[in-house]
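Single-letter residue listing:
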Amino acid sequence: GAVVSQHPSWVICKSGTSVKIECRSLDFQATTMFWYRQFPKQSLMLMATSNEGSKATYEQGVEKDKFLINHASLTLSTLTVTSAHPEDSSFYICSATRPGQGIEQFFGPGTRLTVL
Amino acid sequence: KQEVTQIPAALSVPEGENLVLNCSFTDSAIYNLQWFRQDPGKGLTSLLLIQSSQREQTSGRLNASLDKSSGRSTLYIAASQPGDSATYLCAVKPMEYGNKLVFGAGTILRVKS
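We now turn to the structure provided with this report. Quick caveat: nothing in here was measured; it's all calculated off a predicted structure.

**Focus on the pairing of strand β9 (residues 86–94) of chain B**
Sheet faces and side chains relate simply in a regular strand, where the side chains alternate between the two faces. Residues and elements named next belong to chain B. With nine of its nine residues buried, β9 lies for the most part within the structure. As paired strands, strand β4 (residues 30–38) and β9 are joined by eight bridges and run antiparallel to one another. Counterpart to I30 in the pairing with β9 is P94. Where β9 and strand β11 (residues 107–112) come together, three bridges link them in antiparallel fashion. Paired with A86 across the two strands is L109, which belongs to β11.

**Description of the interface of chain A and chain B**
Taken together, the 18 residues of chain A in the interface contact 19 residues of chain B. For the chain A and chain B pair, buried surface summed over both sides reaches about 1400 Å², with 54% attributable to carbon and sulfur atoms. For the pair chain A and chain B, the number of links is one salt bridge. A salt bridge links A:E59 to B:K100, with the nearest nitrogen and oxygen atoms 2.8 Å apart. Linking chain A to chain B there are four residue pairs in polar contact (both at pLDDT 80 or more). Secondary structure elements with two or more residues in the side of chain A that touches chain B: β4 (32–38), β5 (44–51), β9 (90–98) and β10 (101–107) of chain A. Here the side of chain A that touches chain B is composed, by residue class, of nine nonpolar, seven polar and two charged.

**Some details on the sheet that holds strand β7 (residues 62–67) of chain B**
All names here are of chain B. As summarised here, the arrangement of the five strands in space is β1-β3-β8-β7-β6, forming an open sheet in which the pairing is antiparallel. Two strands bound the open sheet, and with one partner strand each, they are β1 (4–7) and β6 (56–59). This sheet shows a mean twist of 15° between the axes of neighbouring strands, independent of strand direction. As defined by bridge partners, β1 adjoins strand β3 (residues 19–25) across four bridges and the pair is classed as antiparallel.

**Focus on the layout of surface pockets**
Approximately 690 Å³ is the volume found for the largest pocket. Lining the largest pocket are 27 residues, with A:M45, A:L46, A:E59, A:Q60 and B:K1 sitting closest to its centre. If you list the elements that add at least two residues to the lining of the largest pocket, you get β4 and β5 of chain A together with β10 (102–103) of chain B. Take the lining of the largest pocket: its biggest share by element is four residues, from β5(A). Its residues assigned to classes, the lining of the largest pocket shows 14 nonpolar, five polar and eight charged. Forming the boundary of the second largest pocket are 21 residues, of which A:Q38, A:K41, B:Q38, B:T87 and B:I108 lie nearest the centre. Contributing elements (two or more residues each) for the lining of the second largest pocket: β9 and β11 of chain B.

**What to know about a nonpolar patch on the surface**
Residues and elements named next belong to chain A. Together, W10, I12 and L116 give the surface a local cluster of nonpolar side chains, amounting to about 380 Å² of exposed area. Note on placement: L116 falls in the segment after β11 (111–115). Overall, L116 belongs to the exposed group, its relative accessible area being 62%.

Calculation notes
Residues numbered from 1 in each chain as written. Chains lettered and ligands numbered in written order. Predicted model: local features only at pLDDT ≥ 70, side-chain atom pairs only at ≥ 80, totals over all residues. Heavy atoms only, no water. Buried < 20%, exposed > 50% of the residue type's maximum accessible area, 1.4 Å probe, protein only. Helix = DSSP H or I, 4+ residues; strand = E, 2+ residues; numbered from the N terminus. Pairing = 2+ DSSP bridges. Contact = heavy atoms within 4.5 Å. Buried area = accessible area lost by both parts, 1.4 Å probe. Salt bridge = Lys/Arg side-chain N within 4 Å of Asp/Glu carboxyl O. Polar contact = N/O pair within 3.5 Å; in protein donor to acceptor, adjacent residues only side chain to side chain. Nonpolar A, V, L, I, M, F, W, Y, C, P; charged D, E, K, R; others polar. Axes fitted to C-alpha atoms, helices over the stretch in contact; angles between N-to-C directions. 1 Å grid on protein atoms, 1.4 Å probe; cavity = no way out; pocket = protein on both sides within 12 Å on 5 of 7 lines; lining within 4 Å. Points joined across faces, edges and corners; volume = space filled by probe spheres on them. Patch = residues over 30% accessible without salt bridge, like charges linked within 9 Å, V, L, I, M, F, W, Y side chains within 5 Å. Areas by Shrake-Rupley, 256 points an atom, 1.4 Å probe, with all protein chains shown as cover.

Next comes the structure, spelled out in structure tokens:
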């Protein structure tokens with residue numbers, strides 16, 4: 001159990017367009033989902049924390065109007081990169097926690113975004 | 001602010017060697033520490049999770065230790081294999097930040113056959 005999927009696994013888009021990335025918990029209901037980004041040869045940096053039905057909490061320095069997060073159900077969270085630019089190119093990874101077991105985060109496989 | 005450092009940044013060893021990866025953190029007020037494996041272009045696989053009250057955890061050829069007071073953890077890999085080649089990430093869950101994880105930059109391991 002505790003499988004998290006992401007879609008798409010990779011995406012290439014033109015500068016100025018918006019891109020939506022989905023994160024799903026396949027076999028459990030996720031109380032909380034997290035979005036991270038990872039630049040090449042760097043560590044994961046937390047972008048935001050989202051709880052179902054409420055607004056996401058963004059980390060300092062992350063533009064909430066640029067990175068829109070919607071946690072519409074207990075199994076789905078989406079990250080939309082609006083008006084993407086080349087500097088947004090990165091590896092985006094989500095994770096989720098299970099109800100009553102908030103200690104451990106289960107990670108998705110990641111989405112590689114390339115903005116031309 | 002919690003900071004996590006991993007040493008070395010990269011390591012290359014011949015197959016069969018035992019090796020140690022190091023992780024240090026600046027604030028000892030943590031709930032737990034976790035070691036992950038990340039293959040190129042892939043997500044994270046959890047290897048071992050050590051609660052703050054524990055000293056070590058073992059899984060197969062992997063053994064992780066935690067010295068919370070000194071802010072250190074080590075991941076010991078016995079009899080390394082080429083399939084162990086990956087990036088190993090250390091992350092702590094600080095008490096201050098609720099459910100957040102703070103990651104180190106990772107150690108890139110290459111095991112040569």
